[in-house]
Amino acid sequence: MVSSEQRRRELAREKYKRQMEARATAAAKRKKRNAVVASVAALVVLAGVGAAAAGVFSSDKKDDKKASAAPTPSSQGKKWAAEPAMSIDTAAPYTATLDTSAGKVTFSLDAAKAPHTVNSFVFLAGQQFWDNTKCHRLTTEGIYVLQCGDPTGTGSGGPGYQFTDENLTGATYPAGTVAMANAGPNTNGSQFFLVYKDTQLPPSYTPFGKITGGLDALQKLAQAGVKGGGTDGPPATPVDVKSITATKG
């Protein structure tokens, strides 16, 4: 016969067992919840880094047709229905000059590895698409870039067409890199960025050029910081683009 004391001890053991099981279940739920929160936080951080280098081509739609030479009128300037027809010599060297109020920046263009990108860049330069525009974004923390190429100066403008990503395998972004900004895969337009300090980015932004002169001007500009004292926004020292020219050879 089980005594009252033995019964009391048995009930105490069962109660302790239930408490331990409840604690283990609660701990497992907390661990799962924390893992989900950590995953979401990581995605937010990555999205933030991507956004810092992304141009927003809000209403531009991808079109696989080749562009006619005639632009359509727009409140944002010239626009084309589709990517320009290939007209560059992909085996030849090309160079570009970005003439700004902060100084001149020259860079080589890699037509062999990024033919569509360089073809578009040469086309838009020839159309004076970027003349009298502004470099609208400077980033001084996490990534180190000056972003240009939006004729509206808002971060939402483009040429009316989009084209495919290129040269992404193993892409890195050391100081001196010139790469396309985008709003996701294969959404390249007219916005690009100049890397003035080694930057870690996912290989999602087509690198198509290397700065050959004027990197010091960019670094001096970055030292002046962002307007309003932040780390991402219009540069404190305005960068007016007088012209961008691109030539073969």
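Below is a summary of the structure that appears in this document. (Residues numbered from 1 in each chain as written. Predicted model: local features only at pLDDT ≥ 70, side-chain atom pairs only at ≥ 80, totals over all residues. Heavy atoms only, no water.)

### Let's talk about the overall build of the protein chain
Helices and strands together make up the secondary structure of the protein chain, namely 3 helices and 10 strands. Written out in order from the N terminus, the α and β elements of the protein chain read α-β-β-α-β-β-β-β-β-β-α-β-β. In the protein chain, which comprises 249 residues, the proportion classed as buried is 40%. In the protein chain, of all internal contacts separated by at least 6 residues, the share reaching a separation of at least 24 is 70%. Total accessible area on the protein chain stands at roughly 13200 Å², and carbon and sulfur atoms take up 56% of it. (Helix = DSSP H or I, 4+ residues; strand = E, 2+ residues; numbered from the N terminus. Buried < 20%, exposed > 50% of the residue type's maximum accessible area, 1.4 Å probe, protein only. Contact = heavy atoms within 4.5 Å. Areas by Shrake-Rupley, 256 points an atom, 1.4 Å probe, with all protein chains shown as cover.)

### Things to note about the sheet that holds strand E9 (residues 232–233)
The sheet built from 10 strands is open, its strands ordered E3-E10-E1-E2-E8-E6-E7-E5-E4-E9 with antiparallel pairing. Among the strands making up the open sheet, the edge pair consists of strand E3 (133–134) and E9. With 4 bridges connecting them, strand E5 (residues 143–148) and strand E7 (residues 192–195) associate as antiparallel partners. If you follow Cys148 over to E7, its bridge partner there is Phe192. (Pairing = 2+ DSSP bridges.)

### Topic: the nonpolar core
Among the nonpolar cores identified, the biggest contains 41 residues, and Phe107, Leu109, Phe121, Phe192, Leu194 and Phe208 are the most heavily contacted of them. It is helix H2 (residues 115–126) that contributes the most residues to this core, 6 residues altogether. In contact with Phe107, not counting residues within four places along its chain, are Tyr94, Thr95, Ala96, Leu98, Phe121, Val178, Leu194, Lys210, Ile211 and Thr212. Counting 10 residues, the second-largest nonpolar core is a separate cluster that includes Ala179, Phe193, Val195 and Tyr205. (Core = buried A, V, L, I, M, F, W, Y, C linked by side-chain atoms within 4.5 Å.)

### Remarks on helix H3 (residues 215–224)
Those residues of H3 lying buried are Leu218, Leu221 and Ala222. Taken around the axis of H3, the buried residues stretch over an arc of 100°, which confines them to a single face. For H3, the exposed residues set more than 90 degrees away from the buried face come down to Asp216, Lys220 and Gln223. Elements that come into contact with the buried residues of H3 comprise strand E2 (103–109), strand E4 (137–141), E5, E7 and strand E8 (207–213). Taken from the residues just after H3, Gly225 is the one with a positive phi, measuring 85°. (Arc of directions from axis to C-beta.)

### Re H2
A rise of 1.5 Å per residue sets the reference length of H2, with its 12 residues, at 16 Å; its end C-alpha atoms lie 16 Å apart and thus fit the reference within 8%. With 10 of 12 residues buried, H2 is to be regarded as a mostly interior element. All of the buried residues in H2 are Pro115, Thr117, Val118, Asn119, Ser120, Phe121, Val122, Phe123, Leu124 and Ala125. Of the residues flanking the end of H2, it is Gln128, one or two places downstream, whose phi is positive at about 55°. (Expected span 1.5 Å × (residues − 1).)

### Quick notes on the packing of aromatic side chains
The tally for this structure, following the rule as stated, stands at 13 aromatic pairs. Seen in terms of ring centroids, Phe193 and Tyr205 are 5.9 Å apart; in terms of plane orientation they differ by 75°. Their pairing is edge-to-face. Here Phe193 is found in strand E7, whereas its partner Tyr205 is found in the loop between E7 and E8, with 12 residues between them in sequence. With respect to class, Phe193 is no different from Tyr205; both count as buried. Three or more aromatic residues joined by ring pairs form one cluster here, namely Trp80, Phe107, Phe121, Phe123, Phe129, Trp130, Phe192 and Phe208. Looking at Lys197, its charged tip hangs above the ring of Tyr144, at a distance of 4.5 Å from the centre. (Phe/Tyr/Trp six-rings, centres within 6.5 Å; stacked < 30°, edge-to-face > 60°. Lys NZ or Arg CZ within 6 Å of the ring centre and 35° of its normal.)

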